[in-house]
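Summary of the model geometry
In case you want the letters, here they are:
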2 protein chains.
Amino acid sequence: DERDLKTPDNWVKRHPNLIRLTGKHPFNVEASLPELYDYGFISPVNLHIVRNHGAVPKCDWDTHKINICGNVPKPFEIGMDELVKMPSDTFPCLVVCAGNRRKEQNLVKSSIGFSWGPCAIGNTYWTGVPLRVLLNRAGIHKPGPGARYVCLAGPQNELPKDYPDQDGGPGSYGTSIDMETALDPTCDVIVAYEQNGAKLHPDHGFPVRVIIPGYIGGRMIKFLKEIKVTDRESNNFYHFNDNRVLPPPVDAERATEEGWWFKPEFIINQLNINGAIAYPAPEEVIPKSQKTYAFKGYAYSGGGRKVIRAELSFDQGLSWELSDIHTREEPRWADFSSGDKARHWCWCMWTLEVPIEKLLDKKCVEVCFRAVDQS
Amino acid sequence: DERDLKTPDNWVKRHPNLIRLTGKHPFNVEASLPELYDYGFISPVNLHIVRNHGAVPKCDWDTHKINICGNVPKPFEIGMDELVKMPSDTFPCLVVCAGNRRKEQNLVKSSIGFSWGPCAIGNTYWTGVPLRVLLNRAGIHKPGPGARYVCLAGPQNELPKDYPDQDGGPGSYGTSIDMETALDPTCDVIVAYEQNGAKLHPDHGFPVRVIIPGYIGGRMIKFLKEIKVTDRESNNFYHFNDNRVLPPPVDAERATEEGWWFKPEFIINQLNINGAIAYPAPEEVIPKSQKTYAFKGYAYSGGGRKVIRAELSFDQGLSWELSDIHTREEPRWADFSSGDKARHWCWCMWTLEVPIEKLLDKKCVEVCFRAVDQS
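As a starting point, this report considers the structure included with it. (Residues numbered from 1 in each chain as written. Chains lettered and ligands numbered in written order. Predicted model: local features only at pLDDT ≥ 70, side-chain atom pairs only at ≥ 80, totals over all residues. Heavy atoms only, no water.)

1. Let's talk about the relation of the copies chain A and chain B
Superposing chain A onto chain B requires a rotation of 180° together with a translation of 0.0 Å along the rotation axis, leaving an RMSD of 0.0 Å. When the rotation and shift are considered jointly, the pair of chain copies conforms to a two-fold rotation axis. When each C-alpha of chain A is compared by its distance to the rotation axis, A:Ser375 comes out closest, at 4.2 Å. A symmetric contact is evident, with 100% of the interface residues of chain A recurring at the interface of chain B. (Least-squares fit on C-alpha atoms with pLDDT ≥ 70 in both. Contact = heavy atoms within 4.5 Å.)

In structure tokens form, the structure reads like this:
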């Protein structure tokens, strides 16, 4: 892309329609919602959200290695050619930034973080080796003293800031997940090297990244370099200072003074229920001559929870109409049933066709959307 | 109790302070919230919610048998003396009726079902044999064709209505859970024969009942008679016609006409977030001369989800103050960590002490409570 010519990212190919949120660099982009929506259930890789914290590291397939280390009986390093020969899994999974739709949230109350629209999101196929397979090979089969967390980190010196004594090392972006989640097959945590059947794009973590279905994107480390088993959460700067939601009375200043960033209960891991209206698109004009109009949009939740209702209100919340929900997802981990253990890792699309008169009614000053999951 | 003298329940001992919601019979009662709250984390058995659908069946320890049947390789019957010799587990667990606080809901929009106050709840220790242990003994080790659901039912002819071709048989109260949940150790489903260390009280299911932590009470079959493995959900009348939440535009009439009771996505299984203010109690007067007042109450959620915030607003929702949360629960199933797989099956108590001036402020026309869980 021409806009990247004078940046360290000038070697990365990018789709011209992406909306750039933070200037040129680091690269933080989303698609326009009508365009992404029109591609349907599976998003194209080049319109998938990108959240970078620094320039894209130039990684090499042949020399890139992941270090499985920390409190493990059998530490090892693994290269990409060896990784792709291990047992793998492929399934569609939504990746969403925790800040999806923050632009609208910021209109209500300003927060830290830049203003994502409704497309900090992408639903694609991912292929990779289950994290538990790598942990098993290192001799870890269950949580225990010393092995309570898995710290994940990208390359050192990826980011401009230098925090020397953190997990992952100086300048790395890192986080951790609990060992139970890492080892539980129904959580589907994978170390992924393919997206939609092709090797990863540099913006999406080439050559290898973590996918943690149902979690916020901020925990799915790209350019994965280190899998470290520890007794405590990652002490990486970004693990504690990013991706928290503190209670409303606690602002950033008070949080820093009183140590709120380190309280485990305010971490964001699983996505919460969310969704948006794709059609009508911004500035779209609906002709009065039409008989009906089909509202369309998406909805999702975290933790594998199924979206069971997507509703629109045309009278400012007094009454709600139920949309049709469409998904092409086969729920995972509930063989032969649609029970509570079934895991839904993808978004669903919804549509509601209404008579034009409903929109012309004077009570209809705005159209509101809401969704409900099974929890 | 004298009030039961002319009912079939006249042999059952009951606490005089229980609030009777549906007249004498069937027996549906809750405690008063300040009284229950004052007992703290563990509730006394005789103030624990009772939800009966008919007269209490007179079961006999020596002759009561559970029939493990349906699509199982090795069906068997088990009596109580044999059951209590099997491996068992003991842990505290909240039992809540799905209709807890329906009285307040009904003030906003009337629903089906009678008006529970905020005490359709009890948090006690339960001891029992894991359901998976019984299923294993019957030869069921994983879900598969024919073995997708576990149908649970109480005695036949317990209830006045006679549905002959249903799981459990005529006049039984029954439901089902998916096989994944039944077999998953982290779901803690048990066939319980002790509450707070004593044999079950007749109102709580003597001699044996099901406990499904994090689920609504309506699925925890009392006086358990049948564990039946099937390929489809229970067809018991109460499984389909009770314990559903349909979208607001769908009333009971439309639901029956259009078959909404049979849509699997509108079943209620896991509890959702809820809570209440115990102090100030109804009619309590706070003297102006006091410097501060300590608000107190409880909060809980379902599916093992932890309550992370309990908040009060003194200005009608414009701002919220964070209460202290107290629990005496050791979370289950996350050895050595407080991670996402940790299961919280109990309620927690919260307190917030505020200066009396806050209550005298003219903006303070009412005090609102809300809670947030980790999802």
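After that view, the rundown keeps rolling.
2. So, the pairing of strand 16 (residues 307–313) of chain B
Residue and element names in this part refer to chain B. With seven of its seven residues buried, strand 16 lies for the most part within the structure. By the bridge criterion, six bridges tie strand 16 to strand 20 (residues 368–373) in an arrangement that is antiparallel. What sits directly across from Arg309, in strand 20, is Val372. (Buried < 20%, exposed > 50% of the residue type's maximum accessible area, 1.4 Å probe, protein only. Helix = DSSP H or I, 4+ residues; strand = E, 2+ residues; numbered from the N terminus. Pairing = 2+ DSSP bridges.)

3. Here we look at the packing of aromatic side chains
Tallying each qualifying case throughout the model produces 26 aromatic pairs over all chains. Ring geometry for A:Phe240 and A:Phe262: centres 4.7 Å apart, planes at 40°, overall tilted. In this pair, A:Phe240 is assigned in helix 6 (residues 237–241) and A:Phe262 in the loop between helix 7 (252–258) and strand 14 (274–279), connecting sequence segments 22 residues apart. Of the residues examined, A:Phe240 reaches a relative accessible area of 11% and is grouped as buried. Note on B:Tyr173 and B:Tyr238: the rings are 5.2 Å apart at their centroids and 40° apart in plane angle, and the pair reads as tilted. With B:Tyr173 in the loop between strand 8 (149–153) and strand 9 (174–178) and B:Tyr238 in helix 6 (residues 237–241), this pair connects stretches of sequence that are 65 residues apart. When sorted by exposure, B:Tyr173 lands in the same class as B:Tyr238, which is buried. Members of the aromatic cluster, each reached through a chain of ring pairs, are A:Tyr163, A:Tyr173, A:Phe237 and A:Tyr238. Over the ring of A:Phe76 we find A:Arg137; its NZ or CZ atom is 4.2 Å from the centre of that ring. (Phe/Tyr/Trp six-rings, centres within 6.5 Å; stacked < 30°, edge-to-face > 60°. Lys NZ or Arg CZ within 6 Å of the ring centre and 35° of its normal.)

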